[in-house]
Amino acid sequence: MQLTDFFTQISQGVFPYVWWTAPVLLFSLYAKNRAASEWFGRSKNKKNLSDRLDGQQYRAFPNLPLSIGNGSGAADCVYVSKHGIFVVAMPKQGGFVSGSSRDSEWTAESHNRHTVFANPLKHNQLVINALSRQLELPAHCFHSVAVFPDSCHFQTMMPDNVIEEADFESYITQFDDEYLGAETLARITAQLESSEFDMVFNHPDQNDGYFHAV
């Protein structure tokens, strides 16, 4: 048997079993690259927003880890300042965004693509409820903000704390009342920086903030 015939028989025997692996591999690489692009894009957006604030006045804690029931997640960013604690959600949806504070889900329309996503204000409320208990701070010390890309267009009347990136600095700095003293700020910062800080949502009233109007 010639060498070429040998390789021909092998390829004919193997090809039917491996031909489908190419599209699977390509799809996997695409999904990973897309996820990585979205992650880097969100990280870049968080940094861009933080750069607009005075780092001495507003201490940023991006991707603050959370424990929610049996699952886990992260707050997009939490800013600590004497003017309060700002819990910032950063949805990535652009296009035409619709929703209200009472809706559990919002929608986005972009390039004929319909996307449904969780109401970011309700998620923020979960974070605030947990932080309020864990840090032993009253609810009035917290501010909830949802920041969308400048490419989005709000199709419904949004609450004042749902804004675009361009309005982020002016929205945050409008709060000039001082809620937290130097000692309290130092304590909170130390807690959030500690590797032992564990925010647990397993609490009898953990869902109250989610299902009630924000």
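Our subject in this report is the structure included herewith. Computed from a predicted structure; not experimentally measured.

With that settled, consider the packing of aromatic side chains. This model, assessed by the stated rule, comprises eight aromatic pairs. Residues F86 and F175 carry aromatic rings whose centres are separated by 5.6 Å and whose planes lie at 65° to one another, so their mutual orientation is edge-to-face. You can see F86 sitting in strand β3 (residues 84-89) and its partner F175 sitting in the loop between α4 (168-173) and α5 (182-193), a full 89 residues away along the chain. The exposure class of F86 is buried, given its relative accessible area of 0%. Between W106 and F117 the ring centres are 6.3 Å apart and the planes differ by 75°, which places this aromatic pair in the edge-to-face class.

Looking now at the pattern of salt bridges. Overall, the coordinates contain two salt bridges when judged by the stated rule. R59 is paired through a salt bridge with E193; the nearest N and O atoms lie 2.6 Å apart. With R59 in strand β1 (residues 59-68) and E193 in helix α5, this pair connects stretches of sequence that are 134 residues apart. Since its relative accessible area comes to 45%, E193 is described here as partly exposed.

Below, the discussion takes up the environment of T189. Relative to the helices and strands, T189 resides in helix α5. Along the backbone, T189 and S81 are 108 residues apart, and their C-alpha atoms lie at a distance of 9.6 Å. Each residue touching T189, except ones within four places of it in the same chain, is listed here: R59, F61 and V80. Here the side chain of T189 touches L185 through a polar contact of 2.8 Å, landing on its backbone oxygen.

Phi angles above zero are rare outside glycine, and N112 is one such case at about 65°. With respect to the element layout, N112 can be found in the loop between β5 (105-110) and β6 (113-118). When its relative accessible area of 85% is taken as the criterion, N112 is described as exposed. Phi at E136 takes a positive value of approximately 55°, unusual for a residue other than glycine. Position of E136 among the secondary structure elements: in the loop between α3 (120-135) and β7 (142-148).

A separate point is the nonpolar core. Residues V78, I85, L131 and I188 are the most contacted members of the largest nonpolar core, which totals 17 residues. Broken down by secondary-structure element, the contributors of at least two residues to this core are β1, β2 (71-81), β3, α3 and α5. Ranked by residues supplied to this core, first place goes to α3 with four residues. Residues C77, V88, V147 and I163 belong to the second largest nonpolar core, which totals 14 residues.

About the criteria used
- Residues numbered from 1 in each chain as written.
- Predicted model: local features only at pLDDT ≥ 70, side-chain atom pairs only at ≥ 80, totals over all residues.
- Heavy atoms only, no water.
- Phe/Tyr/Trp six-rings, centres within 6.5 Å; stacked < 30°, edge-to-face > 60°.
- Helix = DSSP H or I, 4+ residues; strand = E, 2+ residues; numbered from the N terminus.
- Buried < 20%, exposed > 50% of the residue type's maximum accessible area, 1.4 Å probe, protein only.
- Salt bridge = Lys/Arg side-chain N within 4 Å of Asp/Glu carboxyl O.
- Contact = heavy atoms within 4.5 Å.
- Polar contact = N/O pair within 3.5 Å; in protein donor to acceptor, adjacent residues only side chain to side chain.
- Core = buried A, V, L, I, M, F, W, Y, C linked by side-chain atoms within 4.5 Å.

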